[in-house]
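Overview (structure and organization)
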Amino acid sequence: MSSGELLEIDPLELQFPFELKKQISCSLQLANKSDDYVAFKVKTTSPKKYCVRPNAGVVLPRSTCVVIVTMQAQREAPPDMQCKDKFLVQSVIVDQGATTKDITTEMFSKESGNVVDEVKLRVAYVSPPQPPSPVPEGSEEGSSPRPSVSDNGNPNASELLAATRAYAEDIQQEKTSENLALISRLTEEKNAAIQQNSKLRQELELVRREVSKQQGGFSFVFVVLIALLGIFLGYLLKK
């Protein structure tokens, strides 16, 4: 806890139980022990990585405010689980009756001559809490629980089953993506063949009309042309 001049902040280190691909939140408590209205603003070195609600506000005299900091889902774990992100809580005394709407950026500017209290917060990644081990059936109260790992150090059947399921889900997702890509490619080829077929039919109709105008009927050359176009059209449809 930090007992600054304006606000008491707890904790000074934001601890996130790190898990991949999962949003994680922790709370920050700001306590105003004075008789003044105190405005605050929370800043971070990684604004795209964290969501702070509220990131600014007014703490009434002799009251507290809870701030929720949410870390967005991460796809990769940092090296050695070390985090270099930092937070900064700025606070300043404001007029009595002030609200969040009255907060401006200039309030927290030291260049304007304002007295701004600043407290820096660290960020740490911790291991997520482990679920309690289930009590085996038939075990009596007060007896020693059975270990979840066999005597030779190998994982038990439930852990192996969970790992197998996770692997099967990954394989299924990969197959689904491959199938969707194949269906998309076949659909494009089918549409292209249909368009080509329509174009050939139009050209065939033009040729038939042109020959009819010139000779007044079907000729041997026209029959041969029709046959060749039919063979080519059948080849495209089979493809």
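From a predicted model like this one, the values you see are computed outputs, not experimental measurements.

Criteria and cut-off values
- Residues numbered from 1 in each chain as written.
- Predicted model: local features only at pLDDT ≥ 70, side-chain atom pairs only at ≥ 80, totals over all residues.
- Heavy atoms only, no water.
- Pairing = 2+ DSSP bridges.
- Helix = DSSP H or I, 4+ residues; strand = E, 2+ residues; numbered from the N terminus.
- Salt bridge = Lys/Arg side-chain N within 4 Å of Asp/Glu carboxyl O.
- Buried < 20%, exposed > 50% of the residue type's maximum accessible area, 1.4 Å probe, protein only.
- Core = buried A, V, L, I, M, F, W, Y, C linked by side-chain atoms within 4.5 Å.
- Contact = heavy atoms within 4.5 Å.
- Axes fitted to C-alpha atoms, helices over the stretch in contact; angles between N-to-C directions.

This brings us to the pairing of strand E8 (residues 63–71). A regular strand places its side chains on the two faces of the sheet in alternate fashion. Of the strand pairs in this sheet, strand E4 (residues 24–32) and E8 are connected by 9 bridges, and their pairing is antiparallel. Its bridge partner being in E8, Asn-32 is matched across the sheet by Ser-63. In the sheet, strand E6 (residues 50–53) pairs with E8 via 4 bridges, with the strands oriented antiparallel. Residue pairing for E8: Tyr-50 is matched across the bridge by Met-71.

Residue Asp-10 is joined to Pro-11 through a cis peptide bond whose omega torsion reads 0°. The topology assignment puts Pro-11 in the loop between strand E2 (8–10) and strand E3 (13–17). Cis geometry marks the peptide bond from Arg-53 to Pro-54; its omega dihedral reads -10°. The residue Pro-54 is located in the loop between E6 and strand E7 (56–59) in this model. Unusually for a residue other than glycine, Lys-21 sits at a positive phi of about 55°. Along the chain, Lys-21 turns up in the loop between E3 and E4. In this structure, Met-81 is a non-glycine residue whose phi angle is positive, near 55°. Note on placement: Met-81 falls in the loop between E8 and strand E9 (86–94).

All right, on to the environment of Thr-64 then. Checked against the element boundaries, Thr-64 lands in strand E8. It is 6.9 Å that separates the C-alpha atoms of Thr-64 and Gln-29, two residues lying 35 residues apart in sequence.

Next up on the list: the pattern of salt bridges. Considering all chains together, one arrives at 5 salt bridges under this definition. A salt bridge links Asp-35 to Arg-62, with the shortest nitrogen-to-oxygen separation between them at 3.0 Å. Pair noted here: Asp-35 is in the loop between E4 and strand E5 (37–44) and Arg-62 is in the loop between E7 and E8, with a separation of 27 residues, a long-range link. Each member of the pair Asp-35 and Arg-62 is classed as exposed.

Attention shifts here to the nonpolar core. In terms of nonpolar packing, the biggest core is built from 27 residues, with Phe-16, Tyr-50, Val-69 and Phe-87 touching the most fellow members. The set of elements that each furnish at least two residues to this core consists of E3, E4, E5, E6, E8, E9 and strand E10 (117–126). Sequence-distant contacts of Phe-16, defined by excluding residues within four places in its chain, comprise Ile-24, Ser-25, Cys-26, Tyr-50, Val-69, Met-71, Val-123, Ala-124, Tyr-125 and Val-126. Counting residues in hydrophobic clusters, the runner-up holds 9 residues, among them Tyr-37, Ala-39, Val-92 and Ile-103.

If you trace the 5 strands from one edge of the open sheet to the other, you get E3-E10-E9-E5-E7, paired in mixed fashion. Two strands close off the open sheet at either side, each with one partner strand: E3 and E7. Strand-to-strand twist in this sheet, taken as the mean axis angle between neighbours without regard to direction, amounts to 25°. Looking at chain direction, E3 and E10 are connected through 5 bridges and run parallel. Bridging from a neighbouring strand, Glu-13 pairs with Arg-122 of E10.

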